[in-house]
Amino acid sequence: MVLSSILGFPRMGANRELKKATEAYWGGKLSQADLLTEAKRLRLEHWNIQKKAGVDVIPSNDFALYDQVLTHIQDFGAAPPRYTSQNLDPVDEYFAMGRGHQKDGIDVPSLEMVKWFDSNYHYVKPTFQDGQTFKLNPNPKAVVEFLEAKEAGIVTRPVLVGPVSFLHLGKPDRDQTVAPIDLLEKLLPIYEELLTKLKDAGAEYVQIDEPTLVFDLPANTKAAFKPTYEKLAGLGDKIPKLVFATYFGDIVHNIDAIPAEIFAVHVDLVRNPEQLETVIGALGSKTVLSAGVVDGRNIWKTNLKRAIETVETAVQKLGKDRVIVATSSSLLHTPHTLASEKKLDLEIADWFSFAVEKASEVAVIAKAVTEGPAAVRAELEANAKSIQARASSTRTNDPKVKERQSKITPDFYNRKSEFPARIAQQQKNLGLPLFPTTTIGSFPQTKEIRIQRNKFTKGEITAEQYEKFIEKEIQDVVKVQEELDLDVYVHGEPERNDMVQYFGERLDGYAFTTHAWVQSYGSRCVRPPIIVGDISRPAPMTVKESKYAVSISKKPMKGMLTGPITCLRWSFPRDDVHQSVQSEQLALALRDEVVDLEAAGVFVIQVDEPALREGLPLRSGKEREAYLDWAVKSFRLSVSGVQDSTQIHSHFCYSEFQDFFHAIAALDADVLSIENSKSDAKLLKVFVDEAYPRHIGPGVYDIHSPRVPSEQEIKDRIEEMLQYLKPEQLWIDPDCGLKTRQWAETKAALTNMVNAAKFYREKYAKK
């Protein structure tokens, strides 16, 4: 019998109940007991959804109040001393590591947060000390939640981040020299203890995620897999059977690292179906294959016929008892259920499948292979009809867009002059001081903004009333920036719901949902738009608000756009057209917008590409270089239609780009801003090594945390930066947009930031 399984399920709930509960707890409006009760209710609800769908193997410990890696950090006793020394309640200590804590005399920043592989989910990075020790929590979450499900009559498969990946994804703390992988001997006994506890609790199987196997790994990390799992295998029946799970790429290049003595190996056959034959050939004589044939990263219906054929190929070589049908990865990256979408066009809705629906797809595939297609004939016929309808729909193809793409020439990718000539004209035009200050774009989105936007969406207020409200918000934001004495203003983006959704709603070729929320980090959820066809811009998207902001501003106003790669990566892209084609279409639409902004008097334009690093293929080689080639061309295509005197900015999340710095430089943006406050300033050394000639603003404080950095703290960051950057290169700005922050903390933090910048401005003016 072929079983069905899911590697993980979304946590937030159909109506983002977890988001609301955690934010209420942080705001002092919900007790800790009520928060934990709501979390337990959601877990039970999600297990029952999967059970009802017919899924055989249901995960537990995939739930987290903030992040699953952060859960492991705390359960393994790996929290840095700056948190454990504060005598915080365990729940508050957990949140302090995730988002910082500034209350009751305790002031600690959050741990670094980075993207989970090439997804838009963020995990909290394990941070290790010299002399690091580990100690298992007496009540580990994996055991607690397994027993919780068991009590409800559902026997689950607990999910753990594997020891090698946990260490490889971590880093030494500041001023520490420990190599994380060298901690494996200390960490492995914790896993042994935890696995033993799970076995004693009744767990027969445990899913142990080792996704780093898809990377090009250092030799010592790669060599760690076999001895680690041989040691665990040596425990025999003392621990559950292990399902060794990889995803987001192929493992062929690391095939010799697959443990021989392992119950099952999971591979992602959506991302890399061609690895199937090699993986099967490398399995032990009794090892089970978990075949990830239902996409855990996108929202398109699974082609059931194709998926069944893939699974049957595996069954022919291994037998039905050695194959499990599974999602390619956790469904964390997909929305909860399509059933919530009451306003979607019915033709388009028929093409989609969210987490709840994907659970049913997994079960149907397993049943079809086990019992034969006749057992699920109705489901297969309906699916085939949907697949064919999408393929033949006229809504996916626009001949005018394709014609415009065919006329792109090399000149479309280049500014009129090189940077030295441009910056001279920009300085003359803008008159900016040394260490210019700005923000990344958005200002706090207040409850009143959300209320008015909702009223406008529902038709409860007129377009004129809403426009006047937005203008008043822009006036207020401009006034605040005047009072703070920033050097380059932004209009604050009060009219925008999300930095990709807002643009998608104004472009042809997109579809939109009302409840398809996906967790990005912590309680932060996004509702990615869906690219369903060829993309074009029917009308200007941001010009009206930016032009108004220019008219009331005393200093340069920055126009804010989301770049083509980020619009692509933070949407659910088409799976029937190469992503480079979709990116080029987005770039042409944005090129029109950039030119229109300049014509409206906006001479600083920021085209954000925070997802550029995220989109980088996980392995070096031809695929990565090909991606960087079309990604860079897309950015340059979007911004190169302006005059030299117009200054082009771009923003990037995370400064881990040493491996592809040549592409960052090739973007040819006049000013880069990067998220940097939680990273070691030594990462800026690459700008020195590569003699980077243009301007850069490494973020001086973390906007993901509510804590307010002191003026001295920001001065210290600037001092570090000046070890690597020239004063005339350096801009002073926060890490990212301020949309999720409150006004009081925003004003306090920016005041300290501006004062720190003025200090250095005066200091260097005397030299």
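Conventions adopted
Along each chain, residues carry numbers from 1 onward, in the same order as the chain's sequence is written. With the structure being a predicted model, the display of local features is reserved for residues of pLDDT at least 70 and the display and counting of side-chain atom pairs for 80 or more, all residues being used for whole-chain, interface and lining totals. Computation of side-chain values: all heavy atoms of the structure, hydrogens and water removed. Runs of E in the DSSP output that reach at least two residues are strands. Runs of H or I that reach at least four are helices, and both are numbered from the N terminus. Here the globule rule reads 2.2 Å times residues to the power 0.38, and the radius of gyration is calculated from C-alpha atoms. Burial here depends on accessible area, computed with a 1.4 Å probe over protein chains only, as a share of the maximum for the residue type. Under 20% is buried, over 50% is exposed, and the range in between is partly exposed. We call two residues in contact when some of their heavy atoms are within 4.5 Å. The method behind every accessible area is Shrake-Rupley, applied with a 1.4 Å probe, and residues are considered shielded solely by the protein chains displayed. His is not counted, nor are the chain ends; Lys and Arg add positive charge and Asp and Glu add negative charge. By convention, the charge on Lys lies at NZ, on Arg at CZ, on Asp at CG and on Glu at CD. To estimate how far a helix should reach, multiply one less than its number of residues by 1.5 Å. Convention adopted: a line fitted to C-alpha atoms gives each axis, helices being fitted over their contacting stretch, and angles between N-to-C directions are expressed from 0 to 180 degrees. Handedness of a helix crossing follows the sense of rotation of the near helix relative to the far helix, less than a right angle counterclockwise being left-handed and clockwise being right-handed. Classification of ring pairs uses Phe, Tyr and Trp, with its six-membered ring standing for Trp, and accepts pairs whose centres are within 6.5 Å; under 30 degrees between planes counts as stacked, over 60 as edge-to-face, and the remaining range as tilted. For a Lys NZ or an Arg CZ to count as sitting over a ring, it must be within 6 Å of the ring centre and within 35 degrees of the ring normal. Pairing between strands requires that DSSP locate at least two bridges from one strand to the other. Whenever Lys or Arg places a side-chain nitrogen within 4 Å of a carboxyl oxygen from Asp or Glu, that contact is recorded as a salt bridge. With the strands pointing away from the viewer, any crossover whose connection runs clockwise from the first strand over the helix to the second is right-handed. UniProt positions are given in the numbering used here, feature names are shortened, and annotations may be inferred rather than shown by experiment. Buried residues of nine kinds, namely Ala, Val, Leu, Ile, Met, Phe, Trp, Tyr and Cys, make up a nonpolar core once their side-chain atoms join them within 4.5 Å. By disulfide we mean two sulfur atoms from cysteines, separated by a distance within 2.5 Å. N or O atoms within 3.5 Å of each other form a polar contact, as long as, within protein, one can give a hydrogen and the other can take it, and as long as residues adjacent in sequence are counted only when both atoms are side-chain atoms.

The next thing to look at is the overall build of the protein chain. What the protein chain contains, in helices and strands, is 28 helices and 24 strands. Radius of gyration (C-alpha) of the protein chain: 26 Å, near the 27 Å computed for a compact globule of 767 residues. By principal-axis analysis of the C-alpha atoms, the protein chain measures approximately 75 × 60 × 50 Å. Every one of the 767 residues in the protein chain was classed for burial, and the buried ones make up 61%. Counting only contacts in the protein chain whose residues sit at least 6 apart along the sequence, the fraction spanning at least 24 positions is 79%. Total accessible area computed for the protein chain in this model is approximately 29700 Å², and 51% of it derives from carbon and sulfur atoms. A gap of 2 Å separates the mean positions of the 97 positive and 107 negative side-chain charges of the protein chain.

Time to look at helix α19 (residues 463-484). Over its 22 residues, α19 extends 32 Å from the first C-alpha to the last, a length consistent with the 32 Å expected when each residue adds 1.5 Å. Among all positions of α19, only Y466, F469, I470, E473, I474, V477, V478, V480, Q481 and L484 are buried. Looking at the buried residues of α19, the elements they touch are α18 (447-457), β15 (489-490), α21 (543-551), β20 (557-562) and α28 (743-765). D485 sits one or two positions beyond α19 and adopts a positive phi of about 65 degrees.

When two helices pack together, their arrangement is captured by the angle between the axes and the distance separating the axes. At a minimum axis separation of 10 Å, α19 and α28 run at an interaxial angle of 35 degrees. As for the relative orientation of α19 and α28, their crossing is right-handed in sense. Counted together, V477, V480 and L484 of α19 and W743, K747, L750, T751 and V754 of α28 form the full contact between these two elements.

The next point concerns helix α24 (residues 622-639). With 18 residues, α24 extends 26 Å from end C-alpha to end C-alpha; this agrees with the ideal 26 Å at 1.5 Å per step. Where α24 is concerned, the buried positions are R624, Y627, L628, W630, A631, V632, S634, F635, R636, L637, S638 and V639. In this fold, the buried residues of α24 make contact with α22 (564-569), α23 (579-599), β21 (604-608), β22 (647-652) and α25 (661-666).

Attention now goes to the packing of aromatic side chains. Considering all chains together, one arrives at 30 aromatic pairs under this definition. Seen in terms of ring centroids, F76 and F166 are 5.4 Å apart; in terms of plane orientation they differ by 80 degrees. Their pairing is edge-to-face. Residue F76 is found in the loop between α3 (68-75) and α4 (81-84), and its partner F166 is found in helix α7 (residues 163-168); the two are separated by 90 residues along the sequence. In this structure an aromatic cluster arises from ring pairing among W116, F117, Y123, F215, Y247 and F248. Lying across the ring of W517, R16 places its NZ or CZ 3.8 Å from the centre. The lysine or arginine in question, R506, covers the ring of Y502, its NZ or CZ lying 3.7 Å from the ring centre.

Below, the discussion takes up the sheet that holds strand β1 (residues 3-5). Reading across the sheet, the 8 strands line up as β1-β14-β13-β12-β11-β10-β8-β2 and stay open at both edges, with parallel pairing between neighbours. Of all strands in the sheet, those bounded by a partner on one side alone are β1 and β2 (59-60). Relative to strand β12 (residues 264-268), strand β11 (residues 241-245) is paired through 3 bridges, and the arrangement is parallel. Residue F244 lies in a different strand from β12, and its bridge partner there is V265.

Time to look at the pattern of salt bridges. Taken as a whole and judged by the stated rule, the model has 49 salt bridges. A salt bridge links R82 to D173, with the nearest nitrogen and oxygen atoms 2.6 Å apart. Of the two residues, R82 is situated in helix α4 and D173 in the loop between β9 (171-172) and α8 (184-201); the sequence distance between them amounts to 91 residues. When its relative accessible area of 30% is taken as the criterion, R82 is described as partly exposed. Across the pair E309 and K305 runs a salt bridge whose closest N-O atoms are separated by 2.8 Å. Placement of both E309 and K305 in helix α12 (residues 304-318) is noted, with a separation of 4 residues, approximately one turn of the helix. By relative accessible area, E309 is classed as partly exposed at 39%. Overall, the relative accessible area of 59% leaves K305 in the exposed class.

When you tally the buried positions in β22, you get 6 out of 6 residues, the bulk of the element. Going residue by residue along β22, you find Q647, H649 and H651 tucked away on one face and I648, S650 and F652 tucked away on the opposite face as well. Between the parallel pair β21 and β22, the chain is carried across by α24, and the sense of this crossover is right-handed. Relative to strand β23 (residues 671-674), β22 runs parallel, the two sharing 4 bridges. Within β23, the residue paired with S650 across the bridge is L672.

Mapped onto the present numbering, the UniProt feature "domain: Cobalamin-independent methionine synthase MetE N-terminal" (unreviewed entry) falls at residues 4-317. Summarising residues 4-317: 39% helix, 15% strand, and an end-to-end C-alpha distance of 18 Å.

Turning to the pairing of strand β19 (residues 530-536), a few remarks are in order. Looking along a regular strand, one sees side chains alternate from face to face of the sheet. Summarising burial for β19: 7 of the 7 residues are buried, a large majority. Here 3 bridges tie strand β16 (residues 508-511) to β19, and the two strands are oriented antiparallel to one another. Each bridged residue has a counterpart across the sheet, and for D508 the counterpart in β19 is S536.

Time to look at unusual backbone geometry. It is generally the case that most residues other than glycine have a negative phi and that most peptide bonds are trans. The backbone of E493 shows a phi angle near 60 degrees, a positive value even though the residue is not glycine. When you line up the elements, E493 lands in the loop between β15 and α20 (501-504). Located in the positive-phi region is D668, a residue other than glycine, with phi close to 65 degrees. Assignment of secondary structure puts D668 in the loop between α25 and β23. Relative accessible area serves as the criterion here: at 11%, D668 is assigned to the buried category.

Here we come to the nonpolar core. F166 and L289 are the most contacted members of the largest nonpolar core, which totals 114 residues. By residue number, the principal contributor to this core is α8, which donates 9 residues. Apart from the residues lying within four places of it in its own chain, the contact partners of L289 are V265, V267, L276, V279, I280, L283, A314, L318, R322, V323 and I324. Residues V478, I648, Y701 and Y724 belong to the second largest nonpolar core, which totals 87 residues.

Our next topic: the sheet that holds β15. Overall, parallel pairing links the 6 strands, which are arranged β15-β20-β21-β22-β23-β24 in an open sheet. Strands with a single pairing partner mark the edges of an open sheet, and in this sheet they are β15 and β24 (695-698).

All chains considered together, the criterion is met by 0 disulfides. There is no disulfide at C525, and the cysteine sulfur nearest it, in C736, is 17 Å away.

Right, let's get into the environment of A64. Relative to the helices and strands, A64 is located in the loop between β2 and α3. Considered as a pair, A64 and H101 are 37 residues apart in the sequence and their alpha carbons are 19 Å apart. Beyond its immediate sequence surroundings of up to four residues, A64 is in contact with R11, L18, T71, Y94 and K141.

What follows covers the side chain of Q445. Checked against the element boundaries, Q445 lands in the loop between α17 (419-430) and α18. Residue Q445 is classed as buried on the basis of its relative accessible area of 8%. At 2.9 Å, the side chain of Q445 and the backbone oxygen of E493 are in polar contact. Not counting the four nearest positions on each side in its chain, Q445 is found in contact with R450, R453, E493, P494, R496 and K739.

Residue placement: P218 occurs in the loop between β10 (205-209) and α9 (219-222). Considered as a pair, P218 and H168 are 50 residues apart in the sequence and their alpha carbons are 9.6 Å apart.

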